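# Reading the structure
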Amino acid sequence: MTLLGFDVAHRAIRGARDTQEDDVRVHRPSGADTLPVIVALADGMGGHAAGEVAAETSCETFVSSIGDASGDWARDARAAVEAANASVGEMVAADKKLDGMGATLIGALFDKRGLQWISVGDSPLFLVRDKDIERVNADHSLAPLLDEMAARGEMTPERAASDPRRQMLLSAVTGEDLEEVDLSARPLELVPGDVVVVASDGIESLPPDEITRVVSGYRGDGSAAAADALLRAVDAMQHPRQDNATVVVAIPRFD
């Protein structure tokens, strides 16, 4: 089978927060319904307008820097993330009221080879295949370290799950040195039935098996229906401190 294109849609909710500090861009350099598709998603931090500014700047700069993604992805994606980081740093230097702002950032490339990505921070990139879900990018927060400690018996799983340090980021787009960057080593080949979900961490109010159930149930109705259903499910959880939640759903089309 030949991969012909991608059905892509994005949706966002504010949750229980006063402001929306997520930002997302879906860019098709060659026009509608063509390959490649470039996605940038950022989750801002810093409070009030600062997080919003950092997320918007990160997405805008990444998309403009990556261009049409026709070159070497590893080289160009890394350069685009560095450009986004520099842009945020320049804004902080120019306005001290923005001191402390930053964002997570995922850049994803969907083309005939499948999926490639680069990410900084804890925003997840999921592959749903059959009845399984896999996070394919790294989590640059303390959450994996706490879970490892629980697995070694150094703390209980309950304590690891409720530890307030879980959301502490080890790397983010802040204008400072990027401590960790996750870059796909090679294109991830996609097969019929796959669904890719790019999201901010607000989606993690849903357990992984619930994300799988929702995506699998709405996959046949298209990406917009699946994205809407995911955020309805987040709303239905009624988490009192629900974070902004943004999702991009990409469904490959084959001949």
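Structure shown above.
Description of the structure in this document. (Residues numbered from 1 in each chain as written. Predicted model: local features only at pLDDT ≥ 70, side-chain atom pairs only at ≥ 80, totals over all residues. Heavy atoms only, no water.)

## Here's the deal with the overall build of the chain
The following threshold applies: We count a stretch as a helix when DSSP gives it H or I for four or more residues in a row; a strand needs E for two or more, and each element gets its number in order from the N terminus. Atoms counted for the radius of gyration: C-alpha only. Globule rule: 2.2 Å times the number of residues to the power 0.38. In this scheme, a residue with accessible area under 20% of its type's maximum is buried, one over 50% is exposed, and one in between is partly exposed, where area comes from a 1.4 Å probe on protein chains only. By definition in these notes, contact holds between two residues if any of their heavy atoms fall within 4.5 Å. Note on areas: these come from Shrake-Rupley sampling with a 1.4 Å probe, and a residue is covered only by the protein chains present in the view.
On a plain count of helices and strands, the chain comes out with six helices and 10 strands. Taken over the C-alpha trace, the chain has a radius of gyration of 18 Å; the compact-globule value for 255 residues is 18 Å, and the two agree within 12%. For the chain, the C-alpha atoms occupy an extent of roughly 50 × 40 × 35 Å along the three principal directions. Each of the 255 residues in the chain was classed as buried or not, and the buried ones make up 49%. Taking all contacts inside the chain whose residues are at least 6 apart in sequence as the whole, residues at least 24 apart take part in 70%. Surface exposure of the chain reaches about 12000 Å², of which carbon and sulfur atoms provide 48%.

## Concerning the environment of T34
The condition that has to hold: Counted as a polar contact is a pair of N or O atoms within 3.5 Å, where, for protein atoms, one must be capable of donating a hydrogen and the other of accepting one, and residues adjacent in sequence contribute only when both atoms are in side chains.
With respect to the helices and strands, the residue T34 is situated in the loop between β2 (22-27) and β3 (37-45). Separated by 29 residues in the primary sequence, T34 and G5 place their C-alpha atoms 6.3 Å from one another. There is a polar contact of 2.5 Å between the side chain of T34 and the backbone oxygen of G31.

## Some points on a negative patch on the surface
For clarity, the cut-off: Note on patches: the residues involved have over 30% relative accessible area and no salt bridge, like charges join within 9 Å, and the nonpolar side chains Val, Leu, Ile, Met, Phe, Trp and Tyr join within 5 Å. Put simply, a salt bridge is a Lys or Arg side-chain nitrogen that is within 4 Å of an Asp or Glu carboxyl oxygen. A positive count includes Lys and Arg, and a negative count includes Asp and Glu. His and the chain ends are not counted in either. Each charge is placed at NZ for Lys, CZ for Arg, CG for Asp and CD for Glu.
Among the surface-exposed residues, D99, E176, D177, E179 and E180 lie close enough to one another that they form a single negatively charged patch. Its place among the elements puts D177 in the loop between α4 (157-162) and β8 (182-183).

## Some points on the sheet that holds strand β10 (residues 245-254)
Heads up, the condition is: A pair of strands counts as paired when DSSP detects no fewer than two bridges linking them. Here the axes come from fitting lines to C-alpha atoms, over the contacting stretch only for helices, and the angles between their N-to-C directions go from 0 to 180 degrees.
Taken together, the five strands give an open sheet; going across it, the order is β1-β10-β9-β6-β7, and neighbouring strands pair in antiparallel fashion. The sheet is open, and its two borders are formed by β1 (3-13) and β7 (132-135), each paired with just one other strand. Each neighbouring strand pair of the sheet contributes to a mean axis angle of 20 degrees, computed without reference to strand direction. Where strand β6 (residues 125-129) lies against β7, four bridges are found, and the strand directions are antiparallel. By the bridge assignment for β7, V128 is matched with I133. Sitting on the sheet, helix α6 (residues 223-237) is in contact with β1, β9 (195-199) and β10, with an inclination near 30 degrees to β1.

## A closer look at the sheet that holds β8
Read across the sheet, five strands follow the order β2-β3-β4-β5-β8 without closing on themselves; strand pairing throughout is antiparallel. Sheet topology places β2 and β8 at the edges, where each strand pairs with a single neighbour. Across nine bridges, the pairing between β3 and strand β4 (residues 102-111) is antiparallel. Bridging from a neighbouring strand, V39 pairs with A108 of β4. The sheet contacts of helix α2 (residues 73-94) involve β4, β5 (114-120) and β8, and relative to β5 the element is tilted by about 35 degrees.

## Remarks on the side chain of N137
If you trace the backbone, N137 turns up in the loop between β7 and α3 (143-151). Its relative accessible area of 5% is what places N137 among the buried residues. Within the structure, N137 has its side chain in polar contact with the backbone oxygen of S123 (distance 2.9 Å). Polar contacts involving the side chain of N137 include one to the main-chain amide nitrogen of L125, which spans 3.0 Å.

## Section: the nonpolar core
Stated precisely, the cut-off is as follows: Residues belong to one nonpolar core when they are buried, are Ala, Val, Leu, Ile, Met, Phe, Trp, Tyr or Cys, and are joined through side-chain atoms within 4.5 Å.
Grouped together as the largest cluster of nonpolar side chains are 27 residues, with contacts concentrated most on F62, I66, W73, V81, M101 and L105. Elements with a minimum of two residues in this core: β3, α1 (48-66), α2, β4 and β5. Excluding anything up to four places from it in sequence, F62 contacts I38, A40, W73, A77, A80, V81, A84, L105, G107 and I118. Judged by nonpolar contacts, the second largest core, of 22 residues, contains V197, I203, L230 and V247.

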